[in-house]
Structure formats: structure tokens, C-alpha cells
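Here's the letter readout for the chains.
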Amino acid sequence: MKITKFDEINSTNEYLSRKIHMEEFEVVIAKKQTSGKGKRGRVWISNEGAALFSFSVKFDEMLQEKITIFTGYIVYSILLNYLSENQKEKLTFKWPNDIYYENKKICGILCEKIRDFIIVGIGINVNNTDFGIFSEKAISLYEITGKEEEPDKIIEEIVTMFIDEVGSINRKWDKILQTINEKSYLKNKKIKIKTEFDVGERIYKFIRVDRTGRICLMVKGDPEESAYESLDFEIID
Ligand code: BTN
């Protein structure tokens, strides 16, 4: 595993994407990012104390469908080790790949296909406590446990588990899905679908994440389920 560390960089995803010769499982870690990228063109507040890193995985059609959920599952499993029994209950998985503690986000994941690779970018709030405009919606491990942790240690544990388990992803897929469905943040939440222009009126409920990683939703009183590969949505309670 080749690891490159920066005190400051624009974005670890961006750095890896621009590399001409990329190896598999090349890891880039930054203490700070000046242009941290989130999903759907959003920013990712990237202050010191957070675990900010990206690594490359060889592109494979079968893997592409599963990689975001699989990565979320790995991060979720590692973070559990840092929590007490009572705290573990409050850690959930929000489709497609965010990790929540109660009603606040502790980790975001951005997977991007670049040439023959998928770049997996992960941001975990470890010791950082300044979330800028997202202060109401974000939380760090430190705020939960009151203990500082070493971001590099958490990163190494995540990448090592990813590498160890990615080869058996198909065999373990049902068990992974069972875990992320049981621990879904969206359970019993009311959901409205967002489009480019507005938020729809219909109220959906979360049913499950299916075998191909799609979110299955249902409208109350309608027996038909709808499944989405990608979706922007809003939670209304
Ligand atoms: C999201 O939830 O919107 C995804 C956030 C992903 C943030 C990480 S931080 C490390 C890597 N580099 C980036 O620029 N983004 C990802």
C-alpha cells in the first residue's frame, strides 16, 4: 500500500484523479483540504483533526454497483470500535453511503470513476469541531466520546479492512445488506424526492436497500415500490 501524506492540499480525490500513473490501493491523506469535494458538487468542510483521505481501486463493473455501500459498511464497522455499547446503537448508515450519529453526519463518502479506477474519498469528523455552515448537521467522534483519536490510525484500519474484504464482497453481500438495512438512518422517516428545480409533494417511506444497491421507497397506501439507483431526497421528520 503506497501512502502519500500532505499537510494541506486542494482535495485528495482531485489529487489522485490527476495522477497519470495510478497504482491500486494508492492512499492519499491530507490534514486539511482547501477545496474538499462533497457529493452533488457540494463542499466538504475539511479542517484539521478530520480524517481526509482517498484511495484507488481497480474499476470493475460488478464492484461499481456495490462499492459505495461496501465502503460505508467498512467505515461503519471501524467506527463502532471507538464507541461504547450505548453509543453504538446511535450510529447508523444513511443510503447511499453516509454515516450518522443520531441526527448528525459523522462521515461522508465520494466515489468517482476515473479512467480504469474508482477513487474512494472519505471524510470522517474525528477531532474537528468546526463544521462551518453545517454546524447544525455535523458531529465528530470527539464530540461523541470526549476522547481525541489519531486520524491516521483510523484511516489505516479502514483501508486495511477494505483491502482484506473487497475480494469476498459477493460472498458477504447479503450479510452486508442485512447490516446496513437493520442500521438504516432512514427507517421510519418520511422522505420527499428532490428534483433539480423543487421538492416533490409525495411522501415516501424507506423500504430497503436492494441487492443492486438501489434505494426502494413506497408511497403510503400504494402497493408499488419504486427503486432508485441515485436520488436526491429530503427527510421531513
Ligand atoms: C459527501 O458526503 O458529500 C461526500 C464527502 C466526501 C469528502 C471526502 S474528504 C476526502 C476526499 N476528498 C475530497 O475532496 N472529498 C472526499
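Further up the page is the structure itself.
Residues numbered from 1 in each chain as written. Predicted model: local features only at pLDDT ≥ 70, side-chain atom pairs only at ≥ 80, totals over all residues. Heavy atoms only, no water.

J.: Outline the sheet that holds strand 5 (residues 98–101), supporting the account with residue identities and numerical values.
T.: Sheet architecture is open: 7 strands sit in the order 1-2-3-7-6-5-4, paired in mixed fashion. Bordering the open sheet on either side are strand 1 (2–9) and strand 4 (91–94), each of which pairs with just one other strand. Averaged over all adjacent pairs, the angle separating strand axes in this sheet is 20°, with direction ignored. As judged from the 4 bridges shared by strand 2 (residues 26–33) and strand 3 (residues 51–58), these two strands associate in the antiparallel manner. Across the sheet, Ile-29 pairs through a bridge with Phe-53, a residue of strand 3. Together, strand 1, strand 2, strand 3 and strand 7 (117–124) form the strand contacts of helix 5 (residues 151–166), whose direction differs from that of strand 3 by roughly 20°. (Pairing = 2+ DSSP bridges. Helix = DSSP H or I, 4+ residues; strand = E, 2+ residues; numbered from the N terminus. Axes fitted to C-alpha atoms, helices over the stretch in contact; angles between N-to-C directions. Contact = heavy atoms within 4.5 Å.)

J.: An account of the layout of surface pockets is needed here, citing residue identities and associated values.
T.: A volume near 220 Å³ is recorded for the second largest pocket. Surrounding the second largest pocket, 15 residues form its lining, Ala-30, Lys-31, Glu-150, Pro-151 and Asp-152 being those nearest its centre. Among the elements of the structure, strand 1, strand 2, strand 3 and helix 5 are those that each provide at least two residues to the lining of the second largest pocket. (1 Å grid on protein atoms, 1.4 Å probe; cavity = no way out; pocket = protein on both sides within 12 Å on 5 of 7 lines; lining within 4 Å. Points joined across faces, edges and corners; volume = space filled by probe spheres on them.)

J.: Account for helix 2 (residues 61–80), with residues named and values stated.
T.: Helix length check: helix 2, at 20 residues, gives a terminal C-alpha distance of 30 Å against a target of 28 Å (1.5 Å per residue), a fit within 8%. Residue Ile-67 marks the point of greatest curvature in helix 2, where the axis turns by about 50°. Across the 20 residues of helix 2, 15 count as buried, placing the element largely inside the fold. Structurally, the start of helix 2 carries an N-cap: the backbone nitrogen of Met-62 is 2.8 Å from a side-chain oxygen of Asp-60. (Expected span 1.5 Å × (residues − 1). Bend = angle between axes of the 7 residues up to and from the residue. Buried < 20%, exposed > 50% of the residue type's maximum accessible area, 1.4 Å probe, protein only. Polar contact = N/O pair within 3.5 Å; in protein donor to acceptor, adjacent residues only side chain to side chain.)

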